[in-house]
Amino acid sequence: MRLNYIKFAWRNLWKNKGYATINITGLAIGMTAVLLIGIWVQNQFQFDNFYSNKDNLYRLWNKYEDEGEIGLQNITSGKASPALIAEYPEVEHTARMYWDTDRLLSFGDKKIKSKGTEVDASFIQMFDFKFLKGNRNQALGDPKNIVLTKSLAENIFGDTDPLDKTLILDNKEPYKVTGIIADLPSNTDFNFTYLIPLSKADSYSPNWNTNTFLTYIQLKDGTDVTAFNKKLVNIIANKTSNELKGSLFLYPVSKMHLYSKFEQGIPVGGKIDQVKLVAGIGLLILLIACINFINLSTARSQKRAKEVAVRKVVGAQRSSLITQFLMESVLLSFISGILALALTTLVLPLFNKILDKPLEFSLADPMIWACLIGFILLTGALAGLYPAFVLSSFKPIKSLKVFGNSKKFNLNFREILVIFQFGIAIVLIIATLIIRKQVEYAGKRDVGYSASQLIEIPMEGDMNDNYEVLKSELINKGIAQAVTRTGWSITNNASSASGSFSWEGSTPEQGEKIVFNISKAESDFVKTLGLKLLEGRDIDYERLAADSASVLVNETAIKEMKLKNPIGSYFKWGNKTFTIVGVVNDYISGSPYSPVTPLLIYPTKQWMFNMVVRTNVSSSMEQNLKQMEQLLKKFNPAYPFEYKFVDQQFAAKFKEQQQTAQLAFIFSSLAIFISCLGLFGLASYITELRTKEIGIRKVLGASVSGITGMLSKDFIKLVLIAILIASPIAWWAMYKWLQDFPYRIDMQWSVFVLAGLAALTLAIVTVSMQSIKAALSNPVKSLRDE
C-alpha cells in the first residue's frame, strides 16, 4: 500500500510538471537557506564551548559605577590573577593573556612573521586545545619555552620533528619548542599560532589601576559562581586602601561569544541577537516556500475535487486520502531536499567568503543525514498538512456537481497567505536598505584625522635603536612628510585607566569617575596624523627633554574634566605629575559606531610598537613603498618589510555590519524570489481557471490592457495590504536594531516607499507575465469545449 502511495504521488507530480517545478524550486531554495544558516548557527553555539572543563572556565571582568551607571571592562590588572589564586580556595587555576602580536620566528635561514601571545603556564591546562606533541603540564614550564600550532610548525620545520628545536624570537631570544597543538578551530575567539610564557607581567601592569590583561579563572567543581562573585565586590578597594572603587566578577567563557552585551552590569544579549535574527530569517524563508505549496495545492483543489469524490465513492477512507496527499508532499520535499544538498555544497564556499569563516559541511557525516531526513519529513508535513485535510474533506455529491462554498473560504485563506508571504519579503527588503544606510552613515563619519597616505609599520628588531636616523632619512629623501611612534595602532583603543586621576580644580569624585583611554606617542604625533590642535602645541619629546612630563588630551576629556584653561594645567596620574600642553580634536580610535571617549596621550620611548608614516603625496605610493622597503632593509635587515594602510584598517571595522548587510540582501532577495515564484504559479493557475471567461471577454471586445488589469488587480491589492502591514513591523524591528549603535541614522520614510515600490513592481511584473499571455491568446482555442 505504501509503495502504491509513492507511485501514485510520483505520477501526480509528473503529470503536473509546472506546478511541481515551482514547488520544488521554492522548497529547495528555502531548504538551502535553512541549511546554510543552520551550519552557521551551529558554529556560533559551539564557540569556546568545547573544552572538557567548560562549566568551570570564566573570564574576569571589571565593574565600576558612575553616578548610578554601571560600566564594565573585560581587561583587568595583572595583580588580580595572583591575588585570586593565593587568597581564594575556590580557585583551581588562573591565567593571564597579553595581547596577540605579530613577531618574527627564525630557524636557520627560515624566517616567518606570525601572531602569538604571552600567557601564564596554566593557560594550556585550563584550555585543553588538542596536544599533538609534547607534555601539556610542562610545555610552558620554563620562561624560554614555546608551543606552536601544527600549521606554524609545518611552515617552519617542514617534515622535521620540531620538538626540542630552538627558535629565535625577534632575532634575539632563543626559545625551545616544547609542544605542538592542533590548529585552532574556527569556533573560538582565541587567535594565536604560538604561545610563550608571560614573564613581564609586573612591567605590563604595575598596579591595580592599570588594566592590561585578559584574565581567565578556573573554579573548582561545585563552586557557586554567584556566591563567589559576592566575595570579589570589595577586592579592589581592599587592595588599594580604598583609593580605587569598583569590583571584579567572573563571567562564563562559554557565554562570551554570544552573550557579551551588558546593560547596567547585566547581560542582555550580544551576538545571540544576530544569531536569532538570522535563524528566524531562514525559517521565514522556508515558511514562504511552504506557503507556495499550500497556495498552489488549495488553488488546484477544483481539479482534484472530482478525483477525491470518485475515490470516496469507491470506498476510500479520509485517513487514506490524507496519507496520500501527505505522501505527495513528502515526496516533493524529498526531491527538494536532495536538490538543497547539492545547492548547499555548491554555495557554501561563497557563503564562507562572505562570512570569512571556514564553515564545514560533510556529506559523510551521519548526523547530517539524520538531521536532513528529519528536516525533510518535517518540511513535508508542514507544507502538506493543511492541503491534505482540505482536499480530503470534500463531499462527493458537491464535488461531482460544483465546487461549492469552499471556494470562497479557500480563496480568502490564500489571500492571507499571499499577504503574509509578501509581508515577510517587504520586511527583509526594508531591513536590507536600513542596514546598508547605517553602514554607509558610519563610514562617512568624520574620523578626525586624515587617514589617506598614512601607513603603520611595526616597530621590531633594530627599528627602535635606529628610529631617529630612520625618521630623518624618510623625511630627507622625500618619502615621508611626517613620522611618529605610537604604543598602539591608531585605529584601536589601547589600554584604559580610571580612579587615580586629579587635575587643577578637580574633586576626588571627578578623578574617580572618568575612565581615560591611554595612548603612548612621541614627537610629531599631531602633525603625522593630521589632527587639529584646538589649543596649545604638539608633544616634542625628541627635542625637548621636559616634554617627558607633558600630555595631550582630546576635547571630550576637557569637557568631562570641566577645565576652562587647560594649557599649562597640571594633571596627576597616580604618583606622576604631567603638564597639559595641547588639546586635540576628538578622533575615532575605537568603534566607528560609538561616541568618542576621554583620551590621554603621553610621551614615552618605551613599549612603542608602531611607526606611523605620512607618505609624500608628490610621489606615487608604489614608489614611496619601494624606497621605504630599501631603507628598512638597511636599518632592520633581519625582518621582512611589513606595513598596513590606516584607511584599510579603519574600513575593516565595518566588516561585521557589512556581512550582516550582505546576508540581509541575499536572504531578502531569496524571499522576494520565492514569493514571486509562488505568485507566478498562483497567477498561472487562476488564469487557467478563467480561460473561457477571458475568451468571452475578448470576443465581446475587451482590450489586452483591460484583461491584464482585471487579472492583476486582485494580486496587486494583496501586495498593497502586505506593504501596509509590513512597514510598521519593519520600522519597529529596525528601530530596536539601531538602538545598539550610539551613532546611528534616523529612519526615513523614503526607505519604506522604496521597499514598497520594489515589491509592488516585482509583483506586477510577475503577474503581468501570465496576464498578458492569457490576454493575447486566441479566444477560439479558449472557448473550444473539452
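Predicted, not measured: the structure shown is a model, and the values here were computed from it.

This part covers the overall build of the protein chain. What the protein chain contains, in helices and strands, is 26 helices and 27 strands. In the protein chain, 79% of the contacts between residues at least 6 apart in sequence involve partners at least 24 apart. Looking at the protein chain as shown, the accessible area adds up to about 36,600 Å², and 57% of this sits on carbon and sulfur atoms.

To continue, consider the confidence of the model for the protein chain. Chain-level pLDDT for the protein chain is 83 on average; 87% of the residues reach the 70-or-more range. By mean pLDDT, helix 14 (residues 396-401) is the weakest element of the protein chain at 53, and strand 8 (residues 145-149) is the strongest at 96. Counting contacts from residues 402-411, a segment whose pLDDT is below 50, to residues more than four positions away or on other chains yields twelve contacts.

Looking now at the packing of aromatic side chains. What the rule picks out here adds up to 38 aromatic pairs. On the numbers, 5.9 Å between centres and 85 degrees between planes, the contact of Phe129 with Phe192 is edge-to-face. You can see Phe129 sitting in the loop between helix 4 (123-126) and strand 7 (131-134) and its partner Phe192 sitting in the loop between strand 10 (173-181) and strand 11 (194-197), a full 63 residues away along the chain. Both residues of the pair, Phe129 and Phe192, belong to the buried class. Ring centres of Tyr441 and Tyr743 lie 4.8 Å apart, and the angle between their planes is 20 degrees; this geometry places the pair in the stacked category. Separated by 302 residues along the polypeptide, Tyr441 in helix 15 (residues 406-443) and Tyr743 in the loop between helix 24 (704-738) and helix 25 (749-776) bring together distant segments of the chain.

Glancing now at the nonpolar core. Ranked by size, the top nonpolar core spans 110 residues in total, and within it Phe351, Phe422, Tyr449 and Phe667 carry the most contacts. The element best represented in this core is helix 2 (residues 17-45), accounting for 15 residues. Not counting residues within four places of it along the chain, the set of residues in contact with Phe351 comprises Leu36, Trp40, Leu359, Leu663 and Phe667. In this structure, Tyr51, Leu57, Ala95 and Val119 belong to the second largest nonpolar core, which totals 22 residues.

The topology assignment puts Asn211 in strand 12 (residues 210-219). Given the relative accessible area of 6%, Asn211 is considered buried. At 3.2 Å, the side chain of Asn211 forms a polar contact with the side chain of Asn62. A distance of 3.3 Å separates a polar atom in the side chain of Asn211 from the backbone nitrogen of Ser77.

The next point concerns the pattern of salt bridges. Evaluated as defined, the whole model comprises 20 salt bridges. Residues Asp170 and Arg103 are paired through a salt bridge, measuring 2.8 Å at the closest nitrogen-oxygen approach. Placement of the pair is Asp170 in the loop between strand 9 (166-169) and strand 10 and Arg103 in strand 5 (residues 101-107), with a sequence separation of 67 residues. On the basis of relative accessibility, which here comes to 15%, the residue Arg103 falls in the buried class.

Where helix 16 (residues 467-476) contacts helix 20 (residues 621-635), the two axes come as close as 11 Å, and the packing angle between them is 155 degrees. Between helix 16 and helix 20, the interaxial angle falls into the category roughly antiparallel. Between helix 16 and helix 20 lies a crossing of right-handed hand. Residue-level inspection shows Val469, Leu470, Glu473 and Leu474 of helix 16 in contact with helix 20, the latter providing Met628, Leu631, Leu632, Lys634 and Phe635. Residues that form the contact of helix 16 with helix 20 fall into these classes: seven nonpolar, no polar and two charged.

Residue position: Gln748 is located in the loop between helix 24 and helix 25. With relative accessibility at 42%, the residue Gln748 sits in the partly exposed group.

So, on to the environment of Asp586. By the element assignment, Asp586 lies in the loop between strand 24 (576-584) and strand 25 (599-603). In contact with Asp586, not counting residues within four places along its chain, are Val447, Gly448, Asn554, Glu555, Thr556 and Val596. Polar side-chain contacts of Asp586 include one of 2.6 Å to the side chain of Thr556.

The phi angle at Asp164 is positive, at roughly 70 degrees, despite the residue not being glycine. Its place among the elements puts Asp164 in the loop between helix 5 (150-157) and strand 9. Here the phi dihedral of Asp170 falls at roughly 55 degrees; this positive angle occurs in a residue that is not glycine. Its relative accessible area of 15% is what places Asp170 among the buried residues.

What follows is about helix 3 (residues 80-87). Those residues of helix 3 not exposed but buried are Ala80, Ser81, Ala83 and Leu84. The buried side chains of helix 3 occupy one side of the element, clustering within an arc of 165 degrees when seen end-on.

Tracing the backbone through its elements, the reader meets Thr579 in strand 24. C-alpha of Thr579 to C-alpha of Ser550: the two residues are 29 residues apart in sequence and 4.7 Å apart in space. When sequence neighbours within four positions are dropped, the list of residues in contact with Thr579 reads Ala549, Ser550, Val551, Gly568 and Ser569.

Okay, the side chain of Asn352 next. Tracing the sequence through the fold places Asn352 in helix 12 (residues 318-355). The exposure class of Asn352 is buried, given its relative accessible area of 14%. Not counting chain neighbours up to four residues away, the residues in contact with Asn352 comprise Lys357, Pro358 and Leu359.

Criteria and thresholds
- Residues numbered from 1 in each chain as written.
- Predicted model: local features only at pLDDT ≥ 70, side-chain atom pairs only at ≥ 80, totals over all residues.
- Heavy atoms only, no water.
- Helix = DSSP H or I, 4+ residues; strand = E, 2+ residues; numbered from the N terminus.
- Contact = heavy atoms within 4.5 Å.
- Areas by Shrake-Rupley, 256 points an atom, 1.4 Å probe, with all protein chains shown as cover.
- pLDDT = per-residue confidence, 0-100.
- Phe/Tyr/Trp six-rings, centres within 6.5 Å; stacked < 30°, edge-to-face > 60°.
- Buried < 20%, exposed > 50% of the residue type's maximum accessible area, 1.4 Å probe, protein only.
- Core = buried A, V, L, I, M, F, W, Y, C linked by side-chain atoms within 4.5 Å.
- Polar contact = N/O pair within 3.5 Å; in protein donor to acceptor, adjacent residues only side chain to side chain.
- Salt bridge = Lys/Arg side-chain N within 4 Å of Asp/Glu carboxyl O.
- Axes fitted to C-alpha atoms, helices over the stretch in contact; angles between N-to-C directions.
- Parallel < 35°, antiparallel > 145°, perpendicular 65-115°, else oblique.
- Left-handed = near helix turned anticlockwise from the far one by under 90°.
- Nonpolar A, V, L, I, M, F, W, Y, C, P; charged D, E, K, R; others polar.
- Arc of directions from axis to C-beta.

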